[in-house]
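# Structural features, examined
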Amino acid sequence: MTLLANTPEPPYYAVIFTSVRTADDNDYGETANRMIELAEQQVGYLGSESAREDVGITVSYWADLESIKNWKANTEHQAAQKTGRKLWYESFKVRISRVERDYGM
């Protein structure tokens, strides 16, 4: 696994999830790993990147808005979202954007 997602030629979409965690773990790491495994099985999933310091950020990449909608509606993902609101996050923000251009080395 590489640290940077290997995305296709744009356009595609990015879901940017930023968060501030609570002090308690409450199986967060295990669930986060499961969500990555589950996302990888979704039609339209292109990859993800994640980092955490004081603020955590995970960016997942998707082929289209329909794929994002289906991921949001996934039953297991919805259960994790509910637990996140209750136990894991002091605050969070989700942003969805269309990637028009990317470049790098």
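To be clear, the structure that these remarks concern was listed above.
These remarks concern the structure in this document. (Residues numbered from 1 in each chain as written. Predicted model: local features only at pLDDT ≥ 70, side-chain atom pairs only at ≥ 80, totals over all residues. Heavy atoms only, no water.)

## Thoughts on the overall build of the protein chain
Each helix and strand counted, the protein chain has three helices and four strands in total. Ordered by position from the N terminus, the helices and strands of the protein chain form the series β-α-β-β-α-α-β. Taken over C-alpha atoms, the radius of gyration comes to 14 Å for the protein chain, in line with the 13 Å a tight globule of 105 residues would show. Oriented by its inertia axes, the alpha-carbon framework of the protein chain measures out at about 40 × 30 × 25 Å. When burial is assessed residue by residue, the protein chain has 31% of its 105 residues classed as buried. Look at the contacts in the protein chain between residues 6 or more apart in sequence, and 76% of them connect residues 24 or more apart. (Helix = DSSP H or I, 4+ residues; strand = E, 2+ residues; numbered from the N terminus. Rg over C-alpha atoms; globule rule 2.2 N^0.38 Å. Buried < 20%, exposed > 50% of the residue type's maximum accessible area, 1.4 Å probe, protein only. Contact = heavy atoms within 4.5 Å.)

## Structural notes on the environment of Lys82
Relative to the assigned elements, Lys82 resides in helix 3 (residues 75-88). On the accessibility criterion, Lys82 (62% relative accessible area) is exposed. Separated by 48 residues in sequence, Lys82 and Arg34 have C-alpha atoms that sit 15 Å apart.

## Concerning the layout of surface pockets
Volume-wise, the largest pocket comes out at about 890 Å³. Lining the largest pocket are 34 residues, and of these Phe17, Thr58, Trp71, His77 and Tyr89 sit closest to its centre. Where the lining of the largest pocket is concerned, the elements lending two or more residues are strand 1 (12-21), helix 1 (28-40), strand 2 (45-52), strand 3 (56-62), helix 2 (65-73), helix 3 and strand 4 (89-99). Considering only residue class, the lining of the largest pocket consists of 19 nonpolar, eleven polar and four charged. Estimated volume of the second largest pocket: approximately 320 Å³. Among the residues forming the lining of the second largest pocket, the class breakdown is seven nonpolar, four polar and three charged. (1 Å grid on protein atoms, 1.4 Å probe; cavity = no way out; pocket = protein on both sides within 12 Å on 5 of 7 lines; lining within 4 Å. Points joined across faces, edges and corners; volume = space filled by probe spheres on them. Nonpolar A, V, L, I, M, F, W, Y, C, P; charged D, E, K, R; others polar.)

## Notes on the packing of aromatic side chains
Applying the stated rule across the entire model yields eight aromatic pairs. An angle of 80° between the planes, with centres 5.4 Å apart, marks the rings of Tyr28 and Trp88 as edge-to-face. Highlighted residues: Tyr28 in helix 1 and Trp88 in helix 3, separated in sequence by 60 residues. Grouping aromatic residues by their ring pairs yields a cluster made of Phe17, Tyr28, Trp88, Tyr89 and Phe92. The ring of Tyr28 has Arg21 sitting right over it, with the charged end atom 3.8 Å from the ring centre. (Phe/Tyr/Trp six-rings, centres within 6.5 Å; stacked < 30°, edge-to-face > 60°. Lys NZ or Arg CZ within 6 Å of the ring centre and 35° of its normal.)

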